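Geometric and topological summary
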There are 2 protein chains.
Amino acid sequence: MGKERVTVIDIAHAAGVSKSTVSLVLQASPLVNEVTRAKVNAVIRDLGYVYNRGAANLRQSNSKSKIIGIVVNDLTNSFFAELAVGVDMVVQSAGYVQFLANTAESVDRQREVISSMREHGISGLILSPARGTEAADLKSLVASGIPVVNVVRQVAGAKVSSLVSDNHAGMRDAVRHLAGLGHHRIAFLGGFPDTAVFNERLQGYRDALSDMDLAVHDELVVSSAPSRAGGVAAIERALLLRERPTAAVCFNDAVAFGVCDGLRAHRLDPGEDFAVIGFDDVIEAQTAVPALTTVSVDPQGMGRRAAQLLLKQINAGRADAEAIVSSVRLVVRQSCGSASDKRERLSLL
Amino acid sequence: MGKERVTVIDIAHAAGVSKSTVSLVLQASPLVNEVTRAKVNAVIRDLGYVYNRGAANLRQSNSKSKIIGIVVNDLTNSFFAELAVGVDMVVQSAGYVQFLANTAESVDRQREVISSMREHGISGLILSPARGTEAADLKSLVASGIPVVNVVRQVAGAKVSSLVSDNHAGMRDAVRHLAGLGHHRIAFLGGFPDTAVFNERLQGYRDALSDMDLAVHDELVVSSAPSRAGGVAAIERALLLRERPTAAVCFNDAVAFGVCDGLRAHRLDPGEDFAVIGFDDVIEAQTAVPALTTVSVDPQGMGRRAAQLLLKQINAGRADAEAIVSSVRLVVRQSCGSASDKRERLSLL
DNA sequence: CAAGATAATTGGAACGTTCCAATTCTGTCA
DNA sequence: TGACAGAATTGGAACGTTCCAATTATCTTG
């Protein structure tokens, strides 16, 4: 069954033209006569020809492979799944396909997949680096002129473009909102303290407290895995404090959902008895009950923008590193018990 | 910067051997002398050589590209994200890389991505078909001898392997469990009625009701989008019935979460006032509050098995279609208000 | 109608690898 | 020392495409 491959030569033969002509019609060159083009296209369809990009790519060493790589540190986190979807959208419609790999936070794995991608000749890479990634890991990539766009996390010292959300401003706005609602003891829950993202958000938290003339209490900062389970654990710990917090900003939405779960386990009603704000605005944030107040970063849009940036660099040939921080905005829903409304809740249904 | 590519010939030259020898060491052939091998490897490292799989692949037309494709119909659904992670695991460790594409249920998109993948010479394809996929869409793929494994959904008439979960048995067990707890009016919520999966699950639901000598009322079957929002909508409708149900089996976990949300919006406590069972056992199912009773299909494991099946076929050269139905099991947690326990809930923390 | 311009087509060389058959090298033994 | 076996190495052809320079066919136009 595994038929002989149909090549451009077979078509040329069947259509009574030369392989060069066939090649020309394949790349939709204006040089070829309409009637020949039609004839060739007919034969192509008839014989079930499939273009061999590998061979083509071999010849035109300059132009690249029409493959872009995307590697993320945790695909099971829906933030990254949505990011990947966003990337896929623009990349596909530009005629590229994406290699998607998941590193599960392992830099070894990351090294493997990146080198594997290089062997396949990716034209560019979108990378959400695993924890512990160093500039050296990206060195050879940039040395060979392959554009790289880092998303979500920066890599210190790496000469590559990056697209991160404005973590500082986002968290600052969240805290200000809570303070505006009258909360004095606001916790910061979840996240690993050894990451840049964590520290940026934490700094936003601290700065906002200072701005509002509130004291910062270190015991109100409780770190944990940036996951739903981590959120449960964090709120557990926070509720053990002698002086309980009355509100919390969370490292991300997953943590925030966990926090809501943990509150319910203690017969506390998130949104009523305790205010919760997340970060990311994943898709479930709006349909959850209570709908989650969160800092919207629009993961899918971020994926799209990252892809656009990458494509721009690929086309430009030259990749000068540019660092974009994407602005964010606080989306107020029910979980922070603001004056907002049952109105919104109802209109949802 | 975009340096000249380092080729096998450059290495040969620098190491003072022939390109053939270099090729031999690249494929770890036992034919080459240890000292030469070492020398060559050193040069490879020094010059920063990167293997060109495209060229290699061109030569050895028989052996394939070390790329496998995976296309799913909805990557934002964490079921599929986890599936992809499972596939990635085994595929990576077998030295392959995966092309991942998302079709968002569009068969047009699906056609595009599959043809693009073919051009890149994938060795095999794992496909969760978009709704409306027909056997004809896979025809040319199997004609050219590329192994295909369908997951989650079958495609009627297609001569390809498939790996689906035991939808009938899973739903039957869920309903029996609820009936065993004394429920008489059990709803079936969510899902699109024009899919095979829906009908299998629905049949399981009906058969179980008959088994337990309960009447089947068509008004208790309310379909909706298989998403969280769809779940909210479905329970809304179900609660409008004159004779309300007291329990529900849901098309999948996303729907089940939506149902819980919808119940809360009506001041009903899922697990206490109303029993809910999901399907899939996505990762959040165990950490949610209440923890979701659900039919476990282990998406990640399913991805792994699908990948193994595919690799087997790739290696065998011959792909005889085999249809595997993967068994499932009911995982009882809190959301069905079984006699189970606060115990489990507590031990979780 | 010659000649130049334009349009359409074409044959080879090249891309970076693998494979085959052929060659060189080393050592052994009569 | 000559012959031979085995180990190690090697040059060239091939894979399916693109590109370049060159060729042929078709028009214009003076």
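Above this text is the structure in question.
Just so we're clear, the structure is a prediction, and the values are computed from it rather than from any experiment.

Focus: the sheet that holds strand 10 (residues 293-296) of chain A
All names here are of chain A. With mixed pairing, six strands are arranged side by side in an open sheet as 7-6-8-9-10-12. If you trace the sheet from one side to the other, it starts and ends with strand 7 (221-222) and strand 12 (329-331), each paired once. Strand direction decides the pairing type here: strand 10 and strand 12, joined by three bridges, are antiparallel. Across the sheet, the residue bridging to Val295 is Leu330, located in strand 12. Packing of helix 11 (residues 253-265) onto the sheet brings it into contact with strand 6 (186-189), strand 8 (247-250), strand 9 (275-280) and strand 10, and relative to strand 9 it is tilted by some 155°.

Digging into the protein's contact with DNA strand C
Taken together, 26 residues lie around DNA strand C, and Thr21(A), Arg59(A), Val8(B), Ser23(B) and Tyr49(B) are the ones closest in. In the interface set of DNA strand C, defined as its atoms within 4 Å of the protein, sugar plus phosphate atoms amount to 62%. Those elements that provide at least two residues to the surface near DNA strand C are helix 2 (19-26) and helix 4 (53-59) of chain A together with helix 2 (19-26) and helix 4 (53-59) of chain B. At four residues, helix 2 of chain A tops the list of elements feeding residues into the surface near DNA strand C.

Thoughts on the pairing of strand 2 (residues 97-102) of chain A
Residue and element names in this part refer to chain A. Counting buried positions along strand 2 yields six of six residues, so the element is predominantly enclosed. With burial as the criterion, each face of strand 2 is covered, one bearing Val97, Phe99 and Ala101 and the other bearing Gln98, Leu100 and Asn102. Bridging between strand 1 (residues 67-72) and strand 2 involves six bridges; their strand directions are parallel. The residue of strand 2 that forms the bridge with Ile68 is Gln98. Handedness of the β-α-β unit built from strand 1, helix 5 (residues 78-93) and strand 2 comes out right-handed.

The rules we used
Residues numbered from 1 in each chain as written. Chains lettered and ligands numbered in written order. Predicted model: local features only at pLDDT ≥ 70, side-chain atom pairs only at ≥ 80, totals over all residues. Heavy atoms only, no water. Pairing = 2+ DSSP bridges. Helix = DSSP H or I, 4+ residues; strand = E, 2+ residues; numbered from the N terminus. Contact = heavy atoms within 4.5 Å. Axes fitted to C-alpha atoms, helices over the stretch in contact; angles between N-to-C directions. Near = heavy atom within 4 Å. Buried < 20%, exposed > 50% of the residue type's maximum accessible area, 1.4 Å probe, protein only. Right-handed = clockwise from strand over helix to strand, strands pointing away.

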